[in-house]
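One letter stands for each residue in the lines below.
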Amino acid sequence: MSMIEFKDVEKYYGDFHALKDINLDVEAGETVVLLGPSGSGKSTLIRTVNGLEPVQEGQLIVNGQDLANPQTDMNRTRKNVGMVFQHFNLYANKTVLENIMLAPRLVLKRDEAENKKIAMELLERVGLADKADKMPSTLSGGQQQRIAIARSLAMKPKALLFDEPTSALDPEMVNDVLKIMREIAADSSMTMLVVTHEMGFAKQVADRVIFMADGQILEDSPTEEFFANPKEPRARQFLSQIIH
Amino acid sequence: MAEFLSAFSWINIRFLLMGLWVTIEVAVVSVILSFIIGSLLGVIRYVKIPYLSRIVGFIIDVIRNLPLLLIIFFTYFALPKIGIHLGVMTSTIFALTIFESAMLAEVIRSGIVAVPKGQLEGALSNGLSFKQALWHIILPQAYKKMIPPIVSQFVSLIKDTSLATIIMLPEVTYRAQIIYAQEPNAIVAMFFALAVLYFALNYVISKIGRILDRRMAA
Ligand SMILES: Nc1ncnc2c1ncn2[C@@H]1O[C@H](COP(=O)(O)OP(=O)(O)O)[C@@H](O)[C@H]1O
Ligand SMILES: [Mg+2]
């Protein structure tokens, strides 16, 4: 069953053609990594999947709803599709625990005791239970990102989107975040779409790699195949630049 | 000097303080009302509802560019002509609320705009509706940043209540005039008293605002 399906999708920012004829099918439970040079449209693509950016043409079916249709209730999709950003975007006016508990309380009407129990378990899981009552701004980038992941997981989403989750982190923080992402990817029911420059992570956890350039998908290959023998010259060039 | 001091009889002081109380009453009610209305208008400006936001923006611009005195005159002298009779106190509150709402709407809109865009995107991605994001995430952060401008609006509101002297609202400036109309020798003393009262009141408000701001920032 597909979780995310792009059919002939076109996306414009005003006159600028940002996504060109996108066709992509992500099955439920799959982990897909998006690679490509800066400005190729990776963020744009991933942001269309939860309706942060509207698309103008084609069909974009996410969890059974067509986001290309302006009538679609984006909120229903977003309940099931979490997103982790490069700059965390934790609620600056809420404590760590409240960051995690707010959406389940407001959106899922989760019982308060249950909500707190789940939130604390998630904090435990990302190794930050002792930070529950801290404000996000007092934490390091790596800690904030782990909390942002916990916040997404608290909604028990079917899919998670990651837009360069480790790019803004100090190198020594990167592995803590990647470790949690690996654990999530190991859960066979979670669909993950990840924009990253962490090639080690991509090789290890991705089922497939998508290579983008200039708003187009140039290559869509199983991970091993992509790294062993990229078909596209631009993908080859990109890989050689990243790895060396 | 004796003249100056004799103006401060207990009766006069009491009379002035009762006026100060009217000033405070009018200012507090107006500031609360304009805070609510200004927030609503500021949000409407921010979310860009077709037509409505444009119209609201236009009305706000018009009001912001009118002298407050004109609005007071209008509510007190013109509204009765179309069958709306408001008392002196209500007229003043009405006029101040209209004027202050327009001022605060802009303060609040720019406060909302100053909240980083990622906060809204984070909230929406987390499953919150736009309204929930606004109420729980965006507005609290916007208000926090807006404490200093809101306090300074409150201070100018208190000063502006003196304009209602013109429609004979028995606030503190009006009462000072009554006193020196009867005791012409008291005129200097009364202006002095007014200056002290306004200063003291506004100083206290500014001080509270600063403490609030510091506490919220922590
Ligand atoms: N909000 C926007 N308005 C206009 N152009 C944009 C906007 N966001 C991105 N773009 C443009 O779209 C292209 C793709 O950007 P982006 O999706 O951020 O690429 P990537 O994430 O791969 O670096 C870039 O040329 C960028 O300048
Ligand atoms: Mg990007």
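Numbering of residues starts from 1 in every chain and runs along the sequence as written. The order in which chains are written sets their letters, starting at A; the order in which ligands are written sets their numbers, starting at 1. Side-chain atom pairs in this predicted model are given and counted only at pLDDT of 80 or more, local residue features only at pLDDT of at least 70, and totals for whole chains, interfaces and linings cover all residues. To get the side-chain values, all heavy atoms of the structure are used, and hydrogens and water are removed first.

1. Comments concerning helix H4 (residues 68–78) of chain B
Residue and element names in this part refer to chain B.
Inference 1: Exposure classes here rest on a 1.4 Å probe applied to the protein chains alone. A residue is buried below 20% of its type maximum, exposed above 50%, and partly exposed in between. Per the convention used, a helix needs a DSSP run of H or I reaching at least four residues, while a strand needs a run of E reaching at least two, with both numbered from the N terminus. Taken together, the buried positions of H4 are Leu68, Ile71, Ile72 and Thr75. On an axial view of H4, the arc spanned by its buried residues comes to 100°, and they lie on one face.
Inference 2: Contacts are assigned to residue pairs that have any heavy atoms within 4.5 Å of one another. Structurally, H4 contributes buried residues whose contacts are with helix H3 (52–64), helix H5 (88–113) and helix H7 (130–160). Picture the helix axis, draw a direction to every C-beta atom, and the arc is the one those directions span.

2. Section: the UniProt feature "domain: ABC transmembrane type-1" (unreviewed entry) in chain B
Inference 1: UniProt positions are given in the numbering used here, feature names are shortened, and annotations may be inferred rather than shown by experiment. As recorded in UniProt, the feature "domain: ABC transmembrane type-1" (unreviewed entry) lies at residues 20–209 of chain B.
Inference 2: Here residues 20–209 of chain B runs as 80% helix and 0% strand, with 20 Å between its end C-alpha atoms.

3. Structural notes on the packing of aromatic side chains
Inference 1: Geometry of aromatic contacts follows a simple scheme: Phe, Tyr and Trp rings, the Trp one being its six-membered ring, pair when their centres are within 6.5 Å, and the pair is stacked under 30 degrees between planes, edge-to-face over 60, tilted otherwise. Summed over the entire model, instances satisfying the criterion amount to ten aromatic pairs over all chains.
Inference 2: With centroids separated by 5.6 Å and ring planes inclined at 70°, the aromatic side chains of phenylalanine 4 of chain B and phenylalanine 8 of chain B adopt a geometry described as edge-to-face.
Inference 3: With centroids separated by 5.4 Å and ring planes inclined at 40°, the aromatic side chains of tyrosine 180 of chain B and phenylalanine 191 of chain B adopt a geometry described as tilted. Remark: phenylalanine 191 of chain B occurs in helix H9 (residues 187–217) and tyrosine 180 of chain B occurs in helix H8 (residues 172–182); sequence separation between them is eleven residues.
Inference 4: Residue classification places phenylalanine 191 of chain B among the partly exposed positions, given a relative accessible area of 46%.
Inference 5: Joined through ring pairs, the aromatic side chains of Phe211, Phe226, Phe227 and Phe238 of chain A make up one cluster.
Inference 6: Directly above the aromatic system of tyrosine 91 of chain A lies the positively charged group of arginine 151 of chain A, at a separation of 4.3 Å from the ring centroid.
Inference 7: Criterion for a charge above a ring: Lys NZ or Arg CZ within 6 Å of the ring centre, and within 35 degrees of the ring normal. The ring of phenylalanine 15 of chain B carries the charged tip of arginine 175 of chain B above its face, separated from the ring centre by 4.7 Å.

4. Describing the packing of helix H3 (residues 96–106) of chain A against helix H5 (residues 141–154) of chain A
Residue and element names in this part refer to chain A.
Inference 1: Every axis corresponds to a line fitted to the C-alpha atoms, with the helix fit spanning only the stretch in contact, and the corresponding angles, defined between N-to-C directions, vary from 0 to 180 degrees. Closest axis-to-axis distance for the H3/H5 pair is 8 Å, and the angle between their directions is 25°. By the criterion of interaxial angle, the relationship of H3 to H5 is roughly parallel. Seen along the crossing, H3 lies across H5 with a hand that is right-handed. Here Val96, Asn99, Ile100 and Pro104 of H3 come into contact with H5, specifically with Ile147, Ala150, Arg151 and Ala154.
Inference 2: Residue type decides the class: Asp, Glu, Lys and Arg count as charged, Ala, Val, Leu, Ile, Met, Phe, Trp, Tyr, Cys and Pro as nonpolar, and the leftover types, Gly among them, as polar. Considered class by class, the residues forming the contact of H3 with H5 number six nonpolar, one polar and one charged. An angle counts as roughly parallel when it lies under 35 degrees, as roughly antiparallel when it exceeds 145, as roughly perpendicular when it falls between 65 and 115, and as oblique in every other case. Each crossing is labelled by how the near helix is turned from the far one, with a counterclockwise turn of less than a right angle marking it left-handed and a clockwise turn marking it right-handed.

5. Regarding the pattern of salt bridges
Residues and elements named next belong to chain A.
Inference 1: Counted as salt bridges are all cases of a side-chain nitrogen of Lys or Arg within 4 Å of a carboxyl oxygen of Asp or Glu. According to the stated counting rule, one finds 16 salt bridges over all chains in the structure shown.
Inference 2: When the shortest N-O distance is used, the salt bridge between glutamate 98 and arginine 105 registers 2.9 Å.
Inference 3: By relative accessible area, which is 25% here, glutamate 98 ends up partly exposed.
Inference 4: Using a relative accessible area of 23% as the deciding quantity, one classes arginine 105 as partly exposed.

6. Notes on the interface of chain A and chain B
Inference 1: In this assembly, 23 residues from chain A lie in contact with 17 residues from chain B.
Inference 2: Note: buried area is the sum, over both parts, of the accessible area (probe 1.4 Å) each one loses when the two are combined. Summing both sides of the interface, chain A and chain B together bury roughly 1,600 Å²; the carbon and sulfur share of this comes to 50%.
Inference 3: Linking chain A to chain B there are one salt bridge.
Inference 4: Residues glutamate 121 of chain B and arginine 47 of chain A are paired through a salt bridge, measuring 2.8 Å at the closest nitrogen-oxygen approach.
Inference 5: Broken down by secondary-structure element, the contributors of at least two residues to the side of chain A that touches chain B are helix H2 (74–80), strand S6 (81–84) and H3 of chain A.
Inference 6: Per element, the largest residue contribution to the side of chain A that touches chain B is four residues, and it comes from H3 of chain A.

7. Notes on the UniProt feature "domain: ABC transporter" (unreviewed entry) in chain A
Inference 1: In the UniProt entry, the feature "domain: ABC transporter" (unreviewed entry) is given for residues 4–239 of chain A.
Inference 2: Taken end to end, residues 4–239 of chain A is 38% helix and 26% strand, and its two terminal C-alpha atoms sit 26 Å from one another.

8. Examining the side chain of glutamate 100 of chain B
Residue and element names in this part refer to chain B.
Inference 1: If you trace the backbone, glutamate 100 turns up in helix H5.
Inference 2: The side chain of glutamate 100 sits in the buried core without any salt bridge; arginine 64 is the nearest counter-charge, 9.3 Å away.
Inference 3: In contact with glutamate 100, not counting residues within four places along its chain, are Ser34, Gln153, Leu157 and Asp160. Only four residue types enter the charge count: Lys and Arg as positive, Asp and Glu as negative, with His and the chain ends excluded.

9. A short note on unusual backbone geometry
Inference 1: The phi angle at aspartate 8 of chain A is positive, at roughly 50°, despite the residue not being glycine.
Inference 2: Relative to the assigned elements, aspartate 8 of chain A resides in strand S1 (residues 2–13).
Inference 3: Phi at lysine 48 of chain B takes a positive value of approximately 55°, unusual for a residue other than glycine.

10. Quick look at the UniProt feature "transmembrane region" (unreviewed entry) in chain B
Inference 1: When the UniProt feature table is mapped onto this chain, "transmembrane region" (unreviewed entry) is found at residues 20–43, 55–76, 82–99, 154–174 and 186–205 of chain B.
Inference 2: This span, residues 20–43 of chain B, is 100% helix and 0% strand, and a straight line between its end C-alpha atoms measures 34 Å.

11. Regarding the environment of threonine 72 of chain A
Inference 1: Positionally, threonine 72 of chain A belongs in the loop between strand S5 (65–66) and H2.
Inference 2: Filtering out sequence-adjacent residues up to four positions away, threonine 72 of chain A remains in contact with Gln65, Asp66 and Leu67 of chain A.

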